[in-house]
Amino acid sequence: MTLLALETSCDETSAAVIRDHRILSNAVSSQIDLHAEYGGVVPELAAREHLRNLMPVVQTALREAGVTVDQLDAIAATQGPGLPLALLVGFKAAQALAFVLQKPLVGINHHEAHLYSPWIAGSPPVADFAAFQPNVSLIVSGGHTMLVHVASELKHRVLGSTLDDAAGECFDKTGKLMGLPYPAGPEIDRLAQSGNPLAYEFPRPLLQDTNDDFSFSGLKTSVRYFVRDRPALLEQTQTICDLCASVQAAIVEVLVTKTIRATKRLGLRCVTASGGVTCNSALRRELTRACAARGYTLRLAERSLCTDNAAMIGILAEHKLAHQTAPTGLDEDIKTAWSLG
Ligand code: KG4
Ligand code: ZN
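Quick caveat: nothing in here was measured; it's all calculated off a predicted structure.

Caption draft 1: Summary view of the sheet that holds strand S8 (residues 135–140). In space, the five strands of this open sheet follow the order S10-S9-S8-S11-S12, with mixed pairing throughout. Only two strands of the sheet have a single neighbouring strand rather than two, namely strand S10 (155–161) and strand S12 (297–300). Across the sheet, the mean angle separating the axes of adjacent strands is 20° when strand polarity is ignored. Both strand S11 (residues 270–274) and S12 contribute to a ladder of four bridges, which runs parallel. Pairing of Val-271 across the sheet is with Leu-298, part of S12. Sheet strands in contact with helix H8 (residues 237–265) are S8, strand S9 (145–152), S10 and S11, and its direction is about 155° off that of S8.

Caption draft 2: Local environment of the pattern of salt bridges. Summed over all chains, the structure comprises 13 salt bridges. Between Lys-320 and Glu-112 there is a salt bridge, with its nearest N and O atoms 3.3 Å apart. With Lys-320 in helix H10 (residues 310–322) and Glu-112 in helix H4 (residues 110–116), this residue pair connects regions lying 208 residues apart in the sequence. Take Lys-320 and Glu-112: they sit in the same class, and that class is buried. One salt bridge in this structure joins Glu-286 and Arg-289, with 3.2 Å as the shortest N-O distance. Of the two residues, Glu-286 and Arg-289 both sit in helix H9 (residues 281–294), three residues apart, roughly one turn of that helix. Under the relative-accessibility criterion, Glu-286 is labelled partly exposed at 23%. Members of the salt-bridge network, linked through shared partners, are Asp-165, Glu-169, Lys-173 and Lys-220.

Caption draft 3: Representation of the site of ligand 1. Lining the immediate surroundings of ligand 1 are 19 residues, of which Gly-142, Asp-172, Asp-189, Gly-276 and Asn-280 lie closest. Here an oxygen atom of ligand 1 sits 3.3 Å away from a polar atom, N or O, in the main chain of Gly-143. A distance of 2.9 Å is found between a nitrogen atom of ligand 1 and a side-chain nitrogen or oxygen belonging to Asp-189. Within the complex, the protein chains bury 88% of what would otherwise be the 550 Å² of accessible surface of ligand 1. Contributions of two or more residues to the shell around ligand 1 are made by H4, helix H5 (167–177) and helix H6 (184–192). Its residues assigned to classes, the shell around ligand 1 shows six nonpolar, ten polar and three charged. The two domains that each donate at least three residues to the shell around ligand 1 are domain 1 (2–125 + 305–322) and domain 2 (133–301).

Caption draft 4: View of the nonpolar core. The biggest cluster of nonpolar side chains holds 48 residues, and the ones touching the most others in it are Leu-138, Phe-216, Ile-251, Leu-255 and Leu-283. Residue assignment for this core shows that the elements contributing at least two residues are S8, H5, H6, helix H7 (217–229), H8, S11 and H9. In terms of residue count, the dominant contributor to this core is H8 (14 residues). Formed by 32 residues, the second largest nonpolar core is a distinct cluster that contains Ala-5, Ile-18, Ala-127 and Cys-270.

Caption draft 5: Inspection of a nonpolar patch on the surface at higher detail. Residues Phe-99, Val-100 and Leu-330 make up a contiguous nonpolar surface patch of roughly 320 Å² in combined accessible area. Mapped onto the elements of the fold, Phe-99 is located in helix H3 (residues 84–101).

Caption draft 6: Region of the structure containing the domain arrangement of the protein chain. Domain assignment breaks the protein chain into domain 1 (2–125 + 305–322) and domain 2 (133–301). Taken over C-alpha atoms, the centre of domain 1 sits 26 Å from the centre of domain 2. Every contact between the two is made by 21 residues of domain 1 and, on the other side, 28 residues of domain 2. Of the roughly 1900 Å² buried at the junction of domain 1 and domain 2 (both faces included), carbon and sulfur atoms supply 69%. Together, Leu-115, Trp-119 and Cys-306 form the three largest contributors to the area buried by domain 1 at its contact with domain 2, with a combined 33%. Our enumeration of links across domain 1 and domain 2 arrives at zero salt bridges. At the boundary of domain 1 with domain 2, the tally comes to eight residue pairs in polar contact (both at pLDDT 80 or more). For the side of domain 1 that touches domain 2, the elements supplying multiple residues, two or more each, are helix H1 (32–36), H4 and H10. Of the residues that constitute the side of domain 1 that touches domain 2, the class distribution is ten nonpolar, eight polar and three charged.

Caption draft 7: Main features of unusual backbone geometry. Residue Pro-81 follows Gly-80 across a cis peptide bond; omega there is -15°. With respect to the secondary-structure elements, Pro-81 resides in the loop between strand S4 (74–80) and H3. Even without being glycine, Leu-154 reaches a positive phi, approximately 70°. By secondary structure assignment, the location of Leu-154 is in the loop between S9 and S10. Phi is positive for Leu-206, which is not a glycine, with a value near 60°. Counting through the fold element by element, Leu-206 comes out in the loop between H6 and H7.

The rules behind each value
- Residues numbered from 1 in each chain as written.
- Chains lettered and ligands numbered in written order.
- Predicted model: local features only at pLDDT ≥ 70, side-chain atom pairs only at ≥ 80, totals over all residues.
- Heavy atoms only, no water.
- Pairing = 2+ DSSP bridges.
- Helix = DSSP H or I, 4+ residues; strand = E, 2+ residues; numbered from the N terminus.
- Axes fitted to C-alpha atoms, helices over the stretch in contact; angles between N-to-C directions.
- Contact = heavy atoms within 4.5 Å.
- Salt bridge = Lys/Arg side-chain N within 4 Å of Asp/Glu carboxyl O.
- Buried < 20%, exposed > 50% of the residue type's maximum accessible area, 1.4 Å probe, protein only.
- Near = heavy atom within 4 Å.
- Polar contact = N/O pair within 3.5 Å; in protein donor to acceptor, adjacent residues only side chain to side chain.
- Areas by Shrake-Rupley, 256 points an atom, 1.4 Å probe, with all protein chains shown as cover.
- Nonpolar A, V, L, I, M, F, W, Y, C, P; charged D, E, K, R; others polar.
- Domains from an automatic or database assignment.
- Core = buried A, V, L, I, M, F, W, Y, C linked by side-chain atoms within 4.5 Å.
- Patch = residues over 30% accessible without salt bridge, like charges linked within 9 Å, V, L, I, M, F, W, Y side chains within 5 Å.
- Buried area = accessible area lost by both parts, 1.4 Å probe.

And the structure:
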């Protein structure tokens, strides 16, 4: 089966071609530079940019895959959750394509695509669901932080999620307080390499709570007070590096501890992680260390598939079609607040 997938839920316009569980192409046009000026994603601008970029990105994906439109067997697109106007661009385009080509459409939940993305691996990347094991999955992005129990393929239950800021949001907002450009997550990761994670003690919110929820707004507030009370420190490069390393250590410790605790409680032996924050080198290192110490299998989404992309949408859509999931109606609407499971 050859499938074209579209992703426009936030600030990345992406199109991918998937054939028989392989990624033939995965074109991504990022809007980061556009939104950086405003310190965050501006929904109206995002939608306009998706409109401008979608067709060129689709053409690039088809060209790189060496596939023509008449060779497509199905169309997939993110149906939700996400920014309403942004979602509309990709999902309505996918419905129109499916109508014109008379091919099935699969509307995909963006978080579900992240959830299964750790099972895409190799070069060229291929879906490796044959290796699937029941697992606890950590989804960490700019908008969401979730722990999910994945009992079997396509069967999952949310264990806990963030009560306020998501982990990515915490990276971005604390970085902004330090004067770093948006999105600050990758920059904090880079500067933290030269910093001391023990330099400053920041709160580890909900670390001791036995539930699987997260909360990062207290940590953000604590960084706000730190920066307000010691403005002179921010003029020293080493202080910024130490601050980055300390904030990163607090976020990573909470994420890793709660993920491992849930895995142990459920008697599972496999952990997966996905979403933009899974690019973070300290998170990858600490999850690797914690899982190795317990003999757990760890599947981290490939770095190129952590941030938003259409390949993960297409891989999940093809898997769903193979498992007899009914196609999505051409008159269906976007689901802006579609919850996972
Ligand atoms: O999954 P994603 O691309 O978009 C959403 O669905 O939100 O995640 C974007 C988030 C941003 O908050 C960004 O700062 C964060 O992922 N991020 C990182 C790193 N790379 C991306 N955070 C920490 N360290 C990184 N290396
Ligand atoms: Zn995402």
